[in-house]
Amino acid sequence: MTEDLDHRFSSLTWDQIKILDQVLAEAIPIHGRGNFPTLDVKPKDIIHVVKEQLIEKQINIRDVRLNGSTASHILVKQNGTSYKDLDIIFGVELPSELEFQVVKEAVLNCLLDFLPKCVNKEKITAQTMKDAYVQKMVKVSTDHDRWSLISLSNNSGKNVELKFVNSLRRQFEFSVDSFQIVLDSILNVYRATDCKLTEDSHPTVIAESMYGDFKEAMDHLKYKLISTRNPEEIRGGGLLKYSNLLVRDFKPADEAEIKSLERYMCSRFFIDFPDVAEQQRKIESYLRNHFIGEEKSKYDYLMTLRGVVNESTVCLMGQERRQTLNMITILALKVLGEQNIIPNAANVTCYYQPAPYISDRNFSNYYVAHGQPPVIYQPYPFHIQMQSGMV
């Protein structure tokens, strides 16, 4: 990195710009439902056509940025950081509901440009394109947050996510995913046919850490350290992402501080998802989106999540807490069942309710083989509560 322009900013090196160029030029398949063909979309191309459409519709654009894990991958590729979704942020002005609708229609109409030439596009509507290629759409319109998201489908989990942000109070969960790379300068090079990216002739590309201190956040990314602030501001408290970092061998930058913040993560998660069924749906959705091709890591993730909830939940009544822990346990067992794997039970103690005849004085005791550690059966009820729809 070059000298900081400000403590939040830094310029990309030539090596980082080369990786950025590769990411923007790599074709990503957008899979269609039914008989709709797969669209091969280069990020730089879809950014260009969407931007042109928005300008034509008189939507003011501040800048275009690459966000989150993709930006982290570009900045520090050597430590094995990878990315799933391609998260692109358009900084726009959305003063009313009309602008939200204009943005949505502009994106859906842009997808028509990527259909094969042999397809008759005249009778294909924006709604048809939405049904065929959009995985999810989100719109948030409050006093403090105004933004929308259109996520394009990819069967391997590498979704192209187009986010249109007027205002967003909290733009990161942890320091390692707080980076945004401003793309406007490199996009201008792509538009100029006589310009090429070379080490001697390339634009200045700026990256920003929304965490605040760029150098500190970069150290956390390089050395796989976990740090955040005010997790109660994050929807879901960052709890699921935190457990994901732990299972990927990230370590707390400050052990005592993170242990304290775990309580806020858990509290916010249970505020946003108070019902056990909601919690289960959220966890299952997270597994689907973040562990594609990593089926064997799901069990470790769920048991890590269970450990955090067990140790740091202070906002639930005993019965609610047991229900949540049981739900996560059942999900973990279900994952093992799907993989036909037997867990390591070396440190597991099973509790059984003894049969009525055990109280009979004439009934002989358990036989314990010599040379083996004793197997202890304790008279205690087994507390997994099978709720409808849980498994």
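Scroll up a little and you will see the structure.
Residues numbered from 1 in each chain as written. Predicted model: local features only at pLDDT ≥ 70, side-chain atom pairs only at ≥ 80, totals over all residues. Heavy atoms only, no water.

### Brief notes about the overall build of the protein chain
Point 1. A count of helices and strands for the protein chain gives twelve helices and 14 strands.
Point 2. Taking all 391 residues of the protein chain together, 43% fall into the buried category.
Point 3. As presented, the protein chain carries roughly 21,400 Å² of accessible surface, and 49% of it is formed by carbon and sulfur atoms. (Helix = DSSP H or I, 4+ residues; strand = E, 2+ residues; numbered from the N terminus. Buried < 20%, exposed > 50% of the residue type's maximum accessible area, 1.4 Å probe, protein only. Areas by Shrake-Rupley, 256 points an atom, 1.4 Å probe, with all protein chains shown as cover.)

### A word on the sheet that holds strand S7 (residues 146-152)
Point 1. Here we have eight strands laid out as an open sheet, ordered S1-S10-S9-S4-S5-S8-S7-S6, and mixed in their pairing. Either end of the sheet is taken by a strand with one partner, and the two such strands are strand S1 (9-11) and strand S6 (134-141). Each adjacent strand pair in this sheet contributes to an overall mean axis angle of 20 degrees, direction not counted.
Point 2. Here strand S5 (residues 86-92) pairs with strand S8 (residues 160-167) via six bridges, running parallel. Bridge pairing links Leu86 to Val160 in S8. (Pairing = 2+ DSSP bridges. Axes fitted to C-alpha atoms, helices over the stretch in contact; angles between N-to-C directions.)

### What to know about unusual backbone geometry
Point 1. In this structure, Gln58 is a non-glycine residue whose phi angle is positive, near 65 degrees.
Point 2. Of note, the phi angle at Asp249 is positive, near 70 degrees, even though the residue is not glycine.
Point 3. Tracing the sequence through the fold places Asp249 in the loop between helix H8 (239-247) and strand S12 (251-252).
Point 4. Classification of Asp249 as exposed rests on a relative accessible area of 51%.

### What to know about the nonpolar core
Point 1. Counting residues in hydrophobic clusters, the biggest one holds 96 residues, and the most contacted among them are Leu20, Phe90, Ile181, Leu183 and Ile283.
Point 2. The biggest single contributor to this core is helix H4 (residues 97-111), with eight residues.
Point 3. Setting aside residues up to four positions removed in sequence, Leu183 forms contacts with Leu20, Leu24, Ile47, Val64, Arg65 and Leu66. (Core = buried A, V, L, I, M, F, W, Y, C linked by side-chain atoms within 4.5 Å. Contact = heavy atoms within 4.5 Å.)

### Thoughts on H8
Point 1. Counting buried residues in H8 gives seven out of nine residues, a clear majority hidden from the surface.
Point 2. Among all positions in H8, only Leu239, Leu240, Lys241, Tyr242, Ser243, Asn244 and Leu245 are buried.
Point 3. Looking at the buried residues of H8, the elements they touch are strand S11 (225-226), helix H9 (255-272), helix H10 (276-290) and helix H11 (297-312).

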